Amino acid sequence: MTNEGFQKESRWENPARYSLAEIRLTDFRNYGPSHLEFDPGLNLIAGANAQGKTNLLEAVSLVSTGRLLRGGRDAHAVRHGCETATVEGTLGGSGTTVTVELKKAGRKRVALNGASLPRASDLLGRLPSVSFSAADLAVVTGEPADRRQFLDWELAQLYPAYLQALAVYKRALEQRNVLLRQAQERAVPDELFEAWEERMGPSGATLRAFRTEWVESLGRWAKEAHAVMGGGEDLVLEYVPKEDASDADAMLDALAASRRADVQRGSTTVGPHRDDVAVTVGGTEARLFGSQGQQRTAVIAVKLAVLTCAEETFGQTPVLLLDDVFSDLDETRRARLIGLTLDRGGQVFLTCTEVAQAGVLADRATAFRVESGEVRPQ
């Protein structure tokens, strides 16, 4: 799959420039009715801890992706004592209005210019974004499942074909696992397994093809960003499949060969749902041997690489969301990150405890102060 092929399959609308012009919040997290207008370039959101900085960044992410930045149940994002929360964003340039309504009970509602959309995922591509928060440290420090989730989410934002393959694979995997558990108690015909494995083969091969090429591209850009931030330390990303089965036929063979052992375990032991991404810094595994500063630097470099890959592939710049990005970074790494942020175009939202932490960024930014869920320009 070449970049040219990827571009044809992209879900992005490709406007002149992606940005969020304004946002309206009603009973979202600790915010009452609020209305803010943003700069198309740099936006600094400053305030003490637990005042609502991350909540505001999460509202921006919700308009972009239809999901909460920190995960969790939608009901938990509804302000205490309220039944619904609403986040409405107006996109720069087009003036398109995106609305997300979360409920204490019931499904969320998403709308475009007032017209309801069937799924929250239908928002993807309207306002592409790349975000960094403390939860993203799991890309380095977490388990293989955390790194697979990172790949799935970033690729699903970019390519409808990936999202479709992921849905098919997950459904088939779930049904195969049900059969495996049934086979522990009674005989299950091979034909029933094969029916689901025949779906897992092609869809699984598609997932691996996308992931492998994307991680290769991501690794090149992450290495470059990390070399700047990390003072020359070498960052390497490598996609590590569970087994050598890159095409559909090979995956079908692997599934058939593992069926007997899988019955004993009651779960599927081969396939892209078992793959991983190796992250090394200076030749050592960052998860085990990296300092907090090194781990954070590695994740930030990966996120900046996601941004660069998107720019290189599609010619447009996603919105960048950086939450508490300066924590655990020494002054040198912080200054280098500021330099990288200045070098790129596009809209940026950055949270910090004090505007001064942003260094020279502060001179070029629109700054906001957050106190107890209330925001005012600073």
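Here's what I pulled together on the structure shown here. A quick note: this is a predicted structure, and the numbers were derived from the prediction, not measured.

1. What to know about the environment of Ala358
Reasoning step 1: As for its position among the elements, Ala358 is in the loop between β13 (348-352) and β14 (365-371).
Reasoning step 2: Residues Ala358 and Ala335 lie 23 residues apart in sequence; the distance between their C-alpha atoms is 8.6 Å.

2. Comments concerning unusual backbone geometry
Reasoning step 1: One non-glycine residue, Arg29, lies in positive phi territory at about 55 degrees.
Reasoning step 2: Structurally, Arg29 is set in the loop between β1 (20-26) and β2 (34-37).
Reasoning step 3: The residue Asp324 is not glycine, and still its phi comes out positive at about 50 degrees.
Reasoning step 4: Within the secondary structure, Asp324 sits in the loop between β12 (319-322) and α10 (331-343).
Reasoning step 5: The class of Asp324 is partly exposed, set by a relative accessible area of 38%.

3. A look at the layout of surface pockets
Reasoning step 1: As a volume, the largest pocket reaches approximately 540 Å³.
Reasoning step 2: Around the largest pocket, the lining comprises 25 residues; the ones closest to its centre are Gln149, Asp152, Trp153, Leu166 and Lys170.
Reasoning step 3: Put simply, the parts of the chain that give the lining of the largest pocket at least two residues each are α4 (144-158), α5 (160-183) and α6 (190-229).
Reasoning step 4: Residues of the lining of the largest pocket, tallied by class, amount to 11 nonpolar, eight polar and six charged.
Reasoning step 5: Taken as a whole, the second largest pocket holds about 410 Å³ of empty space.
Reasoning step 6: Arg67, Leu69, Asp136, Gln149 and Trp153 are, among the 22 residues lining the second largest pocket, the residues nearest its centre.
Reasoning step 7: Counting residues per element, the ones that place at least two in the lining of the second largest pocket are α2 (53-65), β8 (129-132), α3 (138-141) and α4.
Reasoning step 8: Per-element tally for the lining of the second largest pocket: the top contributor is α4, with six residues.

4. A closer look at the pairing of strand β4 (residues 84-91)
Reasoning step 1: Two elements, β1 and β4, share six bridges in a ladder whose sense is antiparallel. Bridged to Arg24 within β4 is Glu88.
Reasoning step 2: In this sheet, strand β5 (residues 97-103) lies alongside β4 in antiparallel orientation, the contact comprising seven bridges. Within the sheet, the bridge partner assigned to Glu88 lies in β5 and is Thr99.
Reasoning step 3: Between β4 and β5, which pair antiparallel and follow one another directly, the connecting turn spans five residues, one of which, Gly93, has a positive phi of 85 degrees.

5. Details of the environment of Asp234
Reasoning step 1: You can see Asp234 is positioned in the loop between α6 and β9 (235-240).
Reasoning step 2: Sequence-wise, Asp234 and Cys309 are 75 residues apart; in three dimensions their C-alpha atoms are separated by 19 Å.
Reasoning step 3: Residues in contact with Asp234, not counting those within four places in the same chain, are Lys223, His226, Thr280, Val281 and Gly282.
Reasoning step 4: At 2.7 Å, the side chain of Asp234 forms a polar contact with the side chain of Lys223.

6. Section: the packing of α5 against α6
Reasoning step 1: Running from N to C, α5 and α6 cross one another at 140 degrees; their axes reach a closest spacing of 8 Å. Where α5 crosses over α6, the handedness of that crossing is left-handed.
Reasoning step 2: A per-class count over the contact of α5 with α6 returns 17 nonpolar, four polar and five charged.

Procedures and definitions
- Residues numbered from 1 in each chain as written.
- Predicted model: local features only at pLDDT ≥ 70, side-chain atom pairs only at ≥ 80, totals over all residues.
- Heavy atoms only, no water.
- Helix = DSSP H or I, 4+ residues; strand = E, 2+ residues; numbered from the N terminus.
- Buried < 20%, exposed > 50% of the residue type's maximum accessible area, 1.4 Å probe, protein only.
- 1 Å grid on protein atoms, 1.4 Å probe; cavity = no way out; pocket = protein on both sides within 12 Å on 5 of 7 lines; lining within 4 Å.
- Points joined across faces, edges and corners; volume = space filled by probe spheres on them.
- Nonpolar A, V, L, I, M, F, W, Y, C, P; charged D, E, K, R; others polar.
- Pairing = 2+ DSSP bridges.
- Contact = heavy atoms within 4.5 Å.
- Polar contact = N/O pair within 3.5 Å; in protein donor to acceptor, adjacent residues only side chain to side chain.
- Axes fitted to C-alpha atoms, helices over the stretch in contact; angles between N-to-C directions.
- Left-handed = near helix turned anticlockwise from the far one by under 90°.

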